[in-house]
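# An overview of the molecular structure
Now for the letters of each chain:
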Amino acid sequence: QVQLVESGGGLVQPGGSLRLSCAASGIIFRFYAMGWYRQAPRQQRELVAVISSAGTIRYADSVKGRFTISKDNAKNTVYLQMNSLKSEDTAVYYCNAYWTGLNDYWGQGIQVTVSS
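Not measured: the values here are computed from a predicted model.

## Points about the state of the cysteines
Across all of its chains, the model carries one disulfide by this definition. A sulfur-sulfur distance of 2.1 Å marks the disulfide that ties Cys22 to Cys95. Across the disulfide from Cys22 to Cys95, rotation about the S-S bond amounts to roughly -80°, and the bridge is consequently left-handed. Highlighted residues: Cys22 in strand β3 (residues 18–25) and Cys95 in strand β9 (residues 91–100), separated in sequence by 73 residues. For Cys22, a relative accessible area of 0% corresponds to the buried category. We classify Cys95 as buried; its relative accessible area is 0%.

## Considerations on unusual backbone geometry
Positive phi outside glycine occurs at Arg42, with the angle close to 65°. Within the secondary structure, Arg42 sits in the loop between β4 (33–39) and β5 (46–51). For Arg42, a relative accessible area of 83% gives the class exposed. Its identity is not glycine, yet Asn76 carries a phi of approximately 55°, on the positive side. Within the element layout of this structure, Asn76 appears in the loop between β7 (67–72) and β8 (77–82).

## Details of the packing of aromatic side chains
Under the criterion given, the structure shown has four aromatic pairs. For the pair Tyr32 and Trp99, a centre-to-centre distance of 5.8 Å together with 55° between the ring planes defines the contact as tilted. Of the two residues, Tyr32 sits in the loop between β3 and β4 while Trp99 sits in strand β9, which places them 67 residues apart along the sequence. According to the relative accessible area criterion, Trp99 is partly exposed, its value standing at 44%. Seen from their ring centres, Tyr32 and Tyr105 are 6.3 Å apart, and the 40° between their planes marks the pair as tilted. Residue Tyr32 is found in the loop between β3 and β4, and its partner Tyr105 is found in strand β10 (residues 103–106); the two are separated by 73 residues along the sequence. Its relative accessible area of 3% is what places Tyr32 among the buried residues. A relative accessible area of 24% means that Tyr105 is categorised as partly exposed. Directly above the aromatic system of Trp106 lies the positively charged group of Arg45, at a separation of 4.7 Å from the ring centroid.

The rules behind these values
Residues numbered from 1 in each chain as written. Predicted model: local features only at pLDDT ≥ 70, side-chain atom pairs only at ≥ 80, totals over all residues. Heavy atoms only, no water. Disulfide = S-S within 2.5 Å. Helix = DSSP H or I, 4+ residues; strand = E, 2+ residues; numbered from the N terminus. Buried < 20%, exposed > 50% of the residue type's maximum accessible area, 1.4 Å probe, protein only. Phe/Tyr/Trp six-rings, centres within 6.5 Å; stacked < 30°, edge-to-face > 60°. Lys NZ or Arg CZ within 6 Å of the ring centre and 35° of its normal.

Take a look at the structure:
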């Protein structure tokens with residue numbers, strides 16, 4: 001059974017930092033591209049950052065220079081370090097593991113709220 005479990009969300013003031021973690025089980029982690037997506041109220045889910053199995057990284061323009069994605073294949077975990085947070089970063093953040101169209105998994109989501 002595949003599980004992606006996010007942690008590290010919460011409430012933070014503007015300008016603050018949070019680090020999200022996503023622990024994966026039930027997959028051969030090193031084969032998968034791992035990504036972070038987010039969905040704000042009344043908006044579509046959008047890509048935040050993705051790291052391929054080979055380590056190639058891509059970010060949404062809105063988070064470049066502020067967010068850093070990384071992974072630890074030994075721990076089957078992907079991270080999202082979020083710095084200089086803004087109110088517009090408030091959303092539910094989802095972890096995704098993708099290998100092929102038949103191997104595309106999502107975490108349950110975790111709330112990040114940026115507010116003073």
